[in-house]
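Examining the three-dimensional arrangement
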Amino acid sequence: MTETRRTTRVRVVAHTCDHCSPLAYELCASGGLLFVRRTDRTDRTPEVRETERLPDARARRVWLDLLRGRAR
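Residues numbered from 1 in each chain as written. Predicted model: local features only at pLDDT ≥ 70, side-chain atom pairs only at ≥ 80, totals over all residues. Heavy atoms only, no water.

1. What to know about the nonpolar core
Core analysis: the largest hydrophobic core is formed by 8 residues, namely Tyr-25, Leu-27, Ala-29, Leu-34, Val-36, Leu-54, Ala-59 and Trp-63. Those elements that place two or more of their residues in this core are strand S2 (23–30), strand S3 (33–40) and helix H1 (56–67). Here the element with the most residues in this core is S2; it accounts for 3 residues. Ignoring sequence-local partners within four residues, the contact set of Tyr-25 consists of Ala-14, His-15, Thr-16, Val-36, Arg-37, Arg-38, Trp-63 and Leu-66. (Core = buried A, V, L, I, M, F, W, Y, C linked by side-chain atoms within 4.5 Å. Buried < 20%, exposed > 50% of the residue type's maximum accessible area, 1.4 Å probe, protein only. Helix = DSSP H or I, 4+ residues; strand = E, 2+ residues; numbered from the N terminus. Contact = heavy atoms within 4.5 Å.)

In structure tokens:
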């Protein structure tokens, strides 16, 4: 199955260091909403997952919880 993107343009607002760990996170903006993208590079083929698109305040709370180790 081929991957289909929900949006064509995405702007990375913030990110974690992708050199320190095989897991990298990005806070992304697209279409007036924000989401968190997780890239796992532990295998040969990176696995990319994204949260649902959220209003700014909710997405930033998720982002801060992730950085503080409180996200699920």
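2. Things to note about the packing of aromatic side chains
What the rule picks out here adds up to 0 aromatic pairs. Cation over ring: Arg-53 sits above Phe-35, and NZ or CZ is 3.8 Å from the ring centre. (Phe/Tyr/Trp six-rings, centres within 6.5 Å; stacked < 30°, edge-to-face > 60°. Lys NZ or Arg CZ within 6 Å of the ring centre and 35° of its normal.)

3. Considering the sheet that holds S3
Taken in spatial order, the 4 strands of this open sheet run S1-S2-S3-S4, and their pairing is antiparallel. The sheet is open, and its two borders are formed by strand S1 (11–15) and strand S4 (47–50), each paired with just one other strand. Taking each pair of neighbouring strands and ignoring which way they run, the sheet shows an average axis angle of 30 degrees. For S3 and S4, the ladder comprises 4 bridges, and the chain directions are antiparallel. In the sheet register, Asp-40 faces S4, and the bridge partner there is Glu-47. (Pairing = 2+ DSSP bridges. Axes fitted to C-alpha atoms, helices over the stretch in contact; angles between N-to-C directions.)

4. Comments concerning the environment of Glu-52
Along the chain, Glu-52 falls in the loop between S4 and H1. In this structure Glu-52 comes out as exposed when scored by relative accessible area, which is 52%. Residues Glu-52 and Val-36, spaced 16 residues apart in sequence, show a C-alpha to C-alpha distance of 8.0 Å. Apart from residues lying up to four places away in sequence, Glu-52 is in contact with Leu-34, Phe-35 and Arg-58.

5. Notes on the side chain of Asp-40
Among the structural elements, Asp-40 can be located in strand S3. Look at Asp-40 and you get buried, because its relative accessible area is 14%. At 2.9 Å, the side chain of Asp-40 forms a polar contact with the side chain of Thr-42. Leave out the neighbours within four places in its chain, and Asp-40 touches Pro-22, Leu-23, Thr-45, Pro-46 and Glu-47. (Polar contact = N/O pair within 3.5 Å; in protein donor to acceptor, adjacent residues only side chain to side chain.)

6. With respect to the side chain of Arg-53
Secondary-structure assignment places Arg-53 in the loop between S4 and H1. Within the structure, the side chain of Arg-53 is placed 3.0 Å from the side chain of Glu-50, a separation counted as a polar contact.

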